[in-house]
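# Notes for the structure review
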Amino acid sequence: MSKRILLCAILSSAVVLYLQGQEVRVSGTVIDASTRESIIGGTLMVKNTSSGTVTDTDGQFSLMVSPGSVLAISYIGYTSQEITVWNDTTLNIELATSTVLLEQVVVVGYGTQRKVDITGATVSVQGEELAKQPVLTATQALQGKVTGVQIISSGKPGSSPNVRIRGTGTALAGTSALFVVDGILTDDISNINTADIVSLDVLKDASSTAIYGARGANGVVIITTKKGQSGPTQINYNNSIGFREASNLIRMANAEEYANYASAATGTAVTAGGTSTDWYNEILRRAWTQNHNLSFSGGSDKHTHYLSLGYFDDEGIVINNRFQRFAVRYNTDYRLNSRVNMGITASYVNANTRDVNLGTAYNNAYRAAPTIPGFEEGRYGNTSVYQNVGNPILDLSNNNNRLINHRIQSSGFLELKPITGLTFRSSIGNELTNVADRGYNFQFNNDLTTFLTSGGNQRNPNSSLRVKSENSLRWVWDNIVSYKFDLGENHFNLMAGTTAEQYTLSWVEATRQNVPADRDLWYINTGNANTSTNAGEGDKWTRNSYLGRLNFNRSDKYLVTATVRADGSSRIAAANRWGLFPSIGLGWLLSNEPFLKNNTLFELLKVRASWGKVGNDRVPSDAFTTTIKPNLAYPFGGGIATPGSAITQIKDPNLKWETTEEFDLGLDYSLLNGRLFGEIGFYDKKSKDLLINVKVPSVTGDEDGVVLTNAASIQNTGLEFALNWRTRVNTNLDYKFGANLTLNKNKVIGLNGGQPILDGGVGGAQIYTTKTDNEYPVGSFYVLQVLGVFQNQLEIESNKSGNGQIRQPNASPGDFIYQDDNDDGKIDDNDRVFVGSYQPKAYFGFNGEVNFKSISLSFDIYGNTGNVVYNGKKALRLSPFDNIEASLAYDRWVTGSGIQTEPAANSGYLPASTYYVESGSFIRLNNITLSYALSPAWLKVARIKNTRVFLTAQNLFTWKKYTGFTAELPDDSPTRSGIETNAYPTTKTIAGGINVSF
Amino acid sequence: MFLFNMKKMNNHIFFKIMLAMAILMVNACSPDFLDVPLQGKGTAATDPALAENLVVGVYNSLLSGDAFGGGDTHGIAFISATNIMSDDADKGSTPSDQIGIIGELDNFLQTPTNTFVASLWSGYFSGIAKCNQALQALETATADDATKKRWIGEVRFIRGYYYFNLVRLFGGVPLVSRVPLSAEDANTDPKFQTRATAAEIYTFIKDDLLYAVENTPLRNATQKGRINRGTAQSLLAKVYLYEKNWQKVFDLTQSVIQSGQYALLPDYEQIWRQAGDNSSESIFEIQTGVFNNSDFGVNGYCVWQGPRVGGKGGWTDLGFGFCTPSENLVTAYEMGDKRRGPTIIEIDRTAERRGTVLYDGFRVPSKDSVENFYYNYKAYHSENKNVESFLGNRDKKQKNIHLLRYADVLLMHAEASNELGQAGQAINDINTIRTRAGLSNTAAMAGQGLREAIWKERRFELAMEHDRFFDLVRQGRAAQVLRAAGKNFVAGKHELLPVPALQIELSGNKLIQNQGY
């Protein structure tokens, strides 16, 4: 009797265990309903969890879920489906094409949502779209694809571009968007291998970024890396190999043109000589670039993993410049049972840069006379002795600077689901960086061993070595609880949580002189100990926050999202330390309303409105504390100096958060059976209490003449338009086109303290070129207006003001005529006028893809208009012996020429004027790619599932009005951007490669 | 039954885990999590010897010479506005180098946007602010009374000296005597934004210097290089000289002479050698030395004025070649004046092309390889380690700068004596100077003749020592002398430099520009 009971108990407990803890396997294939082709990379997500998988190259999938789970299958361009799974099943899912992008699932802060449920302005881009381009970072690949997002890259290898979302909303405290990579908040994604990215989501408006509170003011970019999938291991290899070269070089004068100009400018005879050196040609080269990626993805029912290895090598178009990156990533998910889920993502990146001091070399290449040879018979031409300008080739070769950057980024999470709908998630992310920096300057004399002619100032009597080691650690710890429940037609999703973050940094540097030139001896000990110097500093800051969110959905028609976040930061003074950032978003799905439900025109019509408040606290840790500058010594009686100190900076003890309030309106639509879709948006962003370096008078005793304080308010208003057309003509041909346009107006609306900010000094006579003041965009150019050129002495003398004073008494024929704006008889700073800003009024992108059988052609075009840039290089002419651009060599004014736009040959040192301000409009063929998918039978024999070869060109052609090198100038600081001085030339790349999967 | 138990057990585990999560959720972070002390940067609270360090920091401001950046007190901007602007020296260097900035000052074409004008203004005010900070810290410092008073005296001397330079360069300037609480405070306090009159500034200077006179010990009781009573008295005498208060000048200089602390060096040349640093003749001298294993001196003072390669080239030169003694000065010396040699490096323009050999053996080639005809020998510091200290940093050579010497005190004494009717005393003083210079006694007797002889002696004794321009202005003959030297001097305008345009704009246009600019 007891045996039976025991057996019964065992059986029933087995059943219970089976029912409770046991999971079911669901597997199958996902195919396109009309073409019957398998869908590769389709997403299957288990609703209310963050687990899921992706279909493989045969369209197959397999995963374990708990009974009763709802599986959401989606893929871009198809209508999603939901299937509830109760037991082990094999599903053959057929997805119907629908170009309603809005069905996809997108990542929002601390969770995911269906795009259709979103009330804020967000955009999602798939990883494969980004991986097509031979660029270093995913953000560079984003250029021109998303409304409201402006990406400005420099051609420098290893550099990350500026990401500006919806205009410049801050003046100083960091203009870059926040990046969140698998939950880790970071500022630099140059270590992320684009091939590892599944999706990149951009959160634009305040209601979607408010959940990030103090870091959301500039927008948020969320990157999710690939997870594995259960099933047999899939191996994927792709590469791209190509070359890069400078895309727009200014032609500088050759020896003859130069001799002609310099003779006129100096008044002495300058002869051309035998050589004509093209300095830019000497320091630039055609560079090779390559990128290899190998990934393994697979797993079992409980355990999935993804391993990838990548190698990126970019030579850099400037000689001696090189960037190499080796990256390895391992992501794994482990499902303990239906209620406990955990995972780890980990990546290690080793980036090795051979850096060059481009600033000096580039400047010198612009100024160096072409009559001096570059490098002949093992010796350098001596431009220093001729015109006091260093030989740029020597500038790049007389030193060796190497940076090795090790970066470990990892995160781990634990998720518990005690009852249906309730989830606890705790995750820790960290980032550990170590930088080893070594710079060596070779010893060389200015005699005939180095130069063809001896003399000059370009020499280094003692070799020197500088070694620096920097370490930083950042950790972030999130604890989130979410609860999802339904009350009839009303669906609620509540989330509450807390997060803490800490960052520490320390670095040490040592230098010594007279270190031998042998690379194996480049260690501090081999130098002269009597010349030792050292330095070191550190930093530490913390953040703590509480957050909450409510999502409400009634019958898929009415949507409400409300979030609130309280942020505290150690970098803000105690009195103002905590900030509260709420937001609310409303959405109305008109297309689901009864009166539109059965219409044939719109599949989707949704209006949304949102309001939110976000903050920005990216200031240096010592921004509000008065510090003492040590080691200001004085040698009483000579000999070794006695150390002393001074307080050299005034700080604002009441420093507080910057806050941005944004109001957003949007309309999402999809018509004609999903072939035409897009969105229209409007936003109005007011950023106030902006931190800015306010110039203070010298009498305050602030040594650099600026104080950091909350002193400005900026408004950005804009319109965004996105329009996409996608259609499949027949089984063999389909195409899609997309266009986006963003109009943005930027305006300073308040300067607390009333002081306009003057910035943008270029040097020489141009102490400032920009003025940031009420009613004008930030960093607007404020210069003298050029009216023409004096043709003769009579014009100079008759140029009088209202009160009879000769305006420019010291001018000579051939000099510029400046506008006397206030008619006071003299030309000075009071005559400057506002002439535009570096911020474009409109930026746009146009992209398209055509697929015919196995051939695919895609392109994208990007451009902007309505901005101006400042040709700072031209302004830096400091001597009549400096070289000039070829176009000026003969197009300058000479007596009798009647020219009104160019002055006579001069020795530079001109004041800031509209002569240097040029239009920044441009259009660029950003990328064009042709690819061909091979699948002959013999490949199948080798078990290769899929092969694709492609040819791509980046930045092939640019049309611009600007006569300088590039109109896209990465931000310096918002009040001094758009000034080209030492911009790294933009590059064009042509590459080809192959994708293979096994 | 068993069923229930299994459920309970699973739930147990979950409850335990949930509890743990809940505890975590309540955030183990303590409230001081957000109170992070500043890493690696000291504050006023962390330095126990703050006052003493700030005092040394004030002295450090004497070395600033960042003419293109943060501020210049004794660098190339100072050199340009004193020596080059006068008839003692020309811009020098190549014709086009710095033709804008220095060329303007040389020929009186400066505008309110001139970079050096701006860096002089900010350099001196930066120094004054450091003085005010130090004085504020000294109020609450824990040191004995006598030391405190001495330090206060030293700092007030330097503040007085900076205001003296400011008032001579710009006229009346904002009178800043305290530390602003914040940028707001500085922007709203009228004292910071309006120019006090020159008279008010002079009163302030005299107050500061008087305190220094009363509270610093004599030279032989003071660390070398620090401000002592003799220094304060000499500068105060000079201030009275500019106010034409002859009795005070006489009294103060008499004090200095009779203190027995100073004497002329027998060999004029020796003053300018490193061996002559802090000699018996030195009254106020900017100290230089070594710091952090590197040369430590006034930024750029030597390298801006070093002989420069030109023409055929072929040798490594010593600097940029600015501030070249003018033909006017060189030809004005009397025959046999021993001061000419140590003041002027004369470049060989003879056919023999022997070059010029300097005191340390360095040979400057002849004119066909050198840019200019003359260079300032008083700014030369040997790069030969066996002769003078040099660790390789040309920008900060260890060259002390002589701002006040005993010879100057004697000359002030002479001038005051003459103005007070004691011609005999004046002639004695001049003759002491002239004898050292290897010249015969002066022929002047009294009154205007003697006055001019004294003025002439000042020129040769203190040539290239940053005094000439101010001297000419206070003597009232700037226009006459400078125009005769071929410069574009406009009386009523060029006695003062323009107030920097940026400073006027930042003051909200409350600062009034000098007349004529």
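Structure shown above.
Note that the coordinates shown come from a computational prediction; the quantities given were computed from them, not determined experimentally. (Residues numbered from 1 in each chain as written. Chains lettered and ligands numbered in written order. Predicted model: local features only at pLDDT ≥ 70, side-chain atom pairs only at ≥ 80, totals over all residues. Heavy atoms only, no water.)

### Side note on the overall build of chain B
The secondary structure content of chain B amounts to 20 helices and 12 strands. Dimensions of chain B, computed from the C-alpha atoms along their principal axes, are close to 130 × 55 × 45 Å. In chain B, the share of contacts with a sequence separation of at least 24, taken over all contacts with a separation of at least 6, comes to 68%. In the form shown here, chain B has an accessible surface area of approximately 19,700 Å², with 54% of it arising from carbon and sulfur atoms. With 54 positive and 56 negative side-chain charges, chain B shows a spacing of 2 Å between the two charge centroids. (Helix = DSSP H or I, 4+ residues; strand = E, 2+ residues; numbered from the N terminus. Contact = heavy atoms within 4.5 Å. Areas by Shrake-Rupley, 256 points an atom, 1.4 Å probe, with all protein chains shown as cover. Lys, Arg positive; Asp, Glu negative; His and termini not counted. Charge placed at Lys NZ, Arg CZ, Asp CG, Glu CD.)

### Quick word on the nonpolar core
If you look at the biggest cluster of nonpolar residues, it comprises 126 residues, and the most contacted ones within it are L62, F125, F157, I158, Y161, Y163 and L497 of chain B. Take this core: its biggest share by element is 13 residues, from helix α6 (residues 145-170) of chain B. Excluding residues within four positions of it along the chain, Y161 of chain B makes contact with L62, H74, F78, L235, F284 and L403 of chain B. I317, Y380, V783 and V786 of chain A belong to the second largest nonpolar core, which has 71 residues in total. (Core = buried A, V, L, I, M, F, W, Y, C linked by side-chain atoms within 4.5 Å. Buried < 20%, exposed > 50% of the residue type's maximum accessible area, 1.4 Å probe, protein only.)

### Let's talk about the interface of chain A and chain B
Taken residue by residue, the interface counts 94 residues in chain A and 84 residues in chain B. Surface buried jointly by chain A and chain B totals about 7,400 Å² across both partners, of which 64% is contributed by carbon and sulfur atoms. Here chain A is connected to chain B by 4 salt bridges. A salt bridge links K771 of chain A to E505 of chain B, with the nearest nitrogen and oxygen atoms 3.9 Å apart. For the pair chain A and chain B, the interface holds 15 residue pairs in polar contact (both at pLDDT 80 or more). Contributions of two or more residues to the side of chain A that touches chain B are made by α1 (2-20), β25 (422-441), β26 (464-487), β27 (490-513), β28 (528-554) and β29 (558-569) of chain A. Sort the elements by how many residues they give to the side of chain A that touches chain B and β28 of chain A lands first, with 14 residues. Its residues assigned to classes, the side of chain A that touches chain B shows 38 nonpolar, 41 polar and 15 charged. (Buried area = accessible area lost by both parts, 1.4 Å probe. Salt bridge = Lys/Arg side-chain N within 4 Å of Asp/Glu carboxyl O. Polar contact = N/O pair within 3.5 Å; in protein donor to acceptor, adjacent residues only side chain to side chain. Nonpolar A, V, L, I, M, F, W, Y, C, P; charged D, E, K, R; others polar.)

### Description of the pattern of salt bridges
Overall, the coordinates contain 84 salt bridges over all chains when judged by the stated rule. Of the charged contacts, one joins E501 of chain A and R543 of chain A as a salt bridge, the two residues approaching to 3.5 Å between their closest N and O atoms. Linking E501 of chain A in strand β27 with R543 of chain A in strand β28, this pair joins segments that are 42 residues apart in sequence. By the burial criterion, E501 of chain A is buried, and R543 of chain A matches it. Residues D106 of chain B and K487 of chain B are paired through a salt bridge, measuring 2.8 Å at the closest nitrogen-oxygen approach. You can see D106 of chain B sitting in helix α4 (residues 101-106) and its partner K487 of chain B sitting in the loop between α19 (478-484) and α20 (501-506), a full 381 residues away along the chain. Per residue, the accessibility class of D106 of chain B equals that of K487 of chain B, and both read buried.

### Here's the deal with empty space enclosed by the protein
Residue and element names in this part refer to chain A. There is about 300 Å³ of room inside the second largest cavity. For the second largest cavity, the lining is made up of 22 residues, of which V135, Q140, S153, S154 and T987 are closest to its centre. Counting only elements with at least two residues in the lining of the second largest cavity, the list comes to β19 (303-314), β46 (922-934), β47 (946-960) and β48 (987-997). Taken together, the residues that form the lining of the second largest cavity break down as 4 nonpolar, 13 polar and 5 charged. (1 Å grid on protein atoms, 1.4 Å probe; cavity = no way out; pocket = protein on both sides within 12 Å on 5 of 7 lines; lining within 4 Å. Points joined across faces, edges and corners; volume = space filled by probe spheres on them.)

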